[in-house]
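Tertiary structure, described
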Amino acid sequence: MKIALDADGVLFDFSHSWRLCAERVVGRKLPAIRECYDLQARYGLSKSEIHKVWIVWNDTHGWRRVQPIDVAIEAAHMALDFGYELFVVSCLPSSEAAQERRDSLDRWGLRNAKLIPVFGESKKAALQELRPHFYADDRAVHCREARDAMVPEIVRIRSWGPELLPDGVQEFSSLDVPLQSFLQKSASPMQQ
């Protein structure tokens, strides 16, 4: 069986890591002023500031340095230990960022997870081709794409704020509970 996961907001605490980088760049604390996906609006940054932060993020290998969400990494390890195929479907800006993401997965012991980098905004084609049995993402738009791709079990991990979810998609604060539940109710491929 195939399990597919988003990286940022599901396996990795992108919001926290990015905000720390941004605070160093702009020289001030950045509390979230809006619960929204857009980082510029979330932290009240100017166009110039957001541009500078992304330059520093990329120059300092931010995709490699982003901190893990420990319970999510543990749940991913459990899926691999039970014999499931694990895929990380991640929207990334470049092949360099994809290599950094691969390095980050390896760093946290997920060497057997297959990375599927998506260079664009839509994960639908990747999910249609992959056909996972379980998918987790922090964005409702990608949960809708998973629904359109006929993924049987889809969860949204609430990492940054509320969103209107498609029918049948449940929301959780972290990956561990829904993934462990899925693993418990699904027979391990090794037992079949």
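All residue numbers refer to positions counted from 1 along the written sequence of the respective chain. Reporting of local features is limited, given that this is a predicted model, to residues whose pLDDT is at least 70; pairs of side-chain atoms are given and counted only at 80 or more, and all residues count toward the totals for whole chains, interfaces and linings. Derived side-chain values reflect all non-hydrogen atoms in the structure, with water molecules and hydrogen atoms excluded from consideration.

**Focus on the overall build of the protein chain**
Secondary structure is summarised from DSSP: a helix means a run of H or I of at least four residues, a strand means a run of E of at least two, and numbering begins at the N terminus for each. Summing up its helical and strand segments, the protein chain has nine helices and six strands in all. Reported as C-alpha extents along the three principal axes, the dimensions of the protein chain are approximately 55 × 35 × 30 Å. Per-residue burial over the protein chain gives 48% buried out of 192 residues. Only heavy atoms enter the contact rule, under which two residues are in contact if any of them lie within 4.5 Å. Contacts in the protein chain between residues at least 24 apart in sequence constitute 63% of all its contacts with a sequence separation of at least 6. Only the protein chains shown count as covering a residue, and every accessible area follows the Shrake-Rupley method with a 1.4 Å probe. Surface accessibility of the protein chain: about 9600 Å² in total, with carbon and sulfur atoms responsible for 51%. On the protein chain, the mean spot of the 25 positive side-chain charges and the mean spot of the 27 negative ones are 3 Å from each other. The rule is simple: take the accessible area with a 1.4 Å probe, protein chains only, and divide by the maximum for that residue type; under 20% is buried, over 50% is exposed, in between is partly exposed. Neither His nor the chain ends contribute to the count of charged residues, in which Lys and Arg are positive and Asp and Glu negative. Charged side chains are reduced to one point each, which is NZ for Lys, CZ for Arg, CG for Asp and CD for Glu.

**Brief notes about the packing of helix α1 (residues 14–26) against helix α3 (residues 47–59)**
Running from amino to carboxyl end, α1 crosses α3 at an angle of 110°, the nearest separation of the two axes being 9 Å. One element, α1, and the other, α3, form an angle in the roughly perpendicular class. In terms of crossing hand, the pair formed by α1 and α3 is right-handed. Facing Phe14, Ser17, Trp18, Cys21, Ala22, Val25 and Val26 of α1, the residues of α3 in contact are Glu49, Ile50, Lys52, Val53, Trp54, Val56 and Trp57. Taken together, the residues of the contact of α1 with α3 sort by class into eleven nonpolar, one polar and two charged. Here an axis means a line fitted to C-alpha atoms, over the contact stretch when the element is a helix, while the angle between two N-to-C directions is reported on a 0 to 180 degree scale. For classification, angles of less than 35 degrees are called roughly parallel, those exceeding 145 degrees roughly antiparallel, those between 65 and 115 degrees roughly perpendicular, and all remaining angles oblique. Handedness of a crossing follows from how the near helix is turned relative to the far one, being left-handed for an anticlockwise turn of less than a right angle and right-handed for a clockwise one. Each residue gets one label: Ala, Val, Leu, Ile, Met, Phe, Trp, Tyr, Cys and Pro are nonpolar, Asp, Glu, Lys and Arg are charged, and the others, such as Gly, are polar.

**Quick look at the layout of surface pockets**
By volume, the largest pocket amounts to about 590 Å³. Lining the largest pocket are 26 residues, with Phe14, Tyr37, Trp63, Cys91 and Arg139 positioned closest to its centre. Among the elements of the structure, α1, α2 (39–43), α3 and β2 (85–91) are those that each provide at least two residues to the lining of the largest pocket. Among the elements that make up the lining of the largest pocket, the one with the highest residue count is α2 (three residues). Residues are said to line a cavity or pocket when one of their atoms sits within 4 Å of a point; the points come from a 1 Å grid over protein atoms alone, cavities being sets where a 1.4 Å probe fits but cannot get out and pockets being open sets with protein on both sides within 12 Å along at least five of seven lines. Grid points are joined across faces, edges and corners, and a volume is the space filled by probe spheres set on the points.

**Focus: the packing of aromatic side chains**
Note on ring pairs: Phe, Tyr and Trp rings are taken, using the six-membered ring of Trp, and paired if centres are within 6.5 Å. Classes follow the plane angle, with under 30 degrees stacked, over 60 edge-to-face and the rest tilted. If you walk through the whole model with that rule in mind, you get eleven aromatic pairs. Look at Trp18 and Trp54: their rings are 5.6 Å apart centre to centre, the planes differ by 50°, and that puts the pair in the tilted class. Taken together, the residues Trp18 in helix α1 and Trp54 in helix α3 connect sequence positions 36 residues apart. Using a relative accessible area of 0% as the deciding quantity, one classes Trp18 as buried. Aromatic side chains Trp54 and Trp57 sit 6.4 Å apart centroid to centroid with 80° between the ring planes, which places their arrangement in the edge-to-face category. You can see Trp54 and its partner Trp57 sitting in helix α3, three residues apart, about one turn around the helix. Its relative accessible area of 28% is what places Trp54 among the partly exposed residues.

**Topic: the sheet that holds strand β4 (residues 134–137)**
Two strands are counted as paired when DSSP detects at least two bridges linking them. Reading across from one edge, β3-β2-β1-β4-β5-β6 is the order of the six strands in this open sheet, with parallel pairing throughout. In the strand order of this sheet, the two ends are held by β3 (114–118) and β6 (170–172), each with one partner. Averaged over all neighbouring strand pairs, the angle between strand axes comes to 25°, with direction disregarded. Summarising the sheet, strand β1 (residues 2–5) and β2 pair through four bridges and their orientation is parallel. Its bridge partner being in β2, Lys2 is matched across the sheet by Glu85. Seen against the sheet, helix α6 (residues 95–107) touches β2 and β3 and runs at an angle of roughly 155° to β3.

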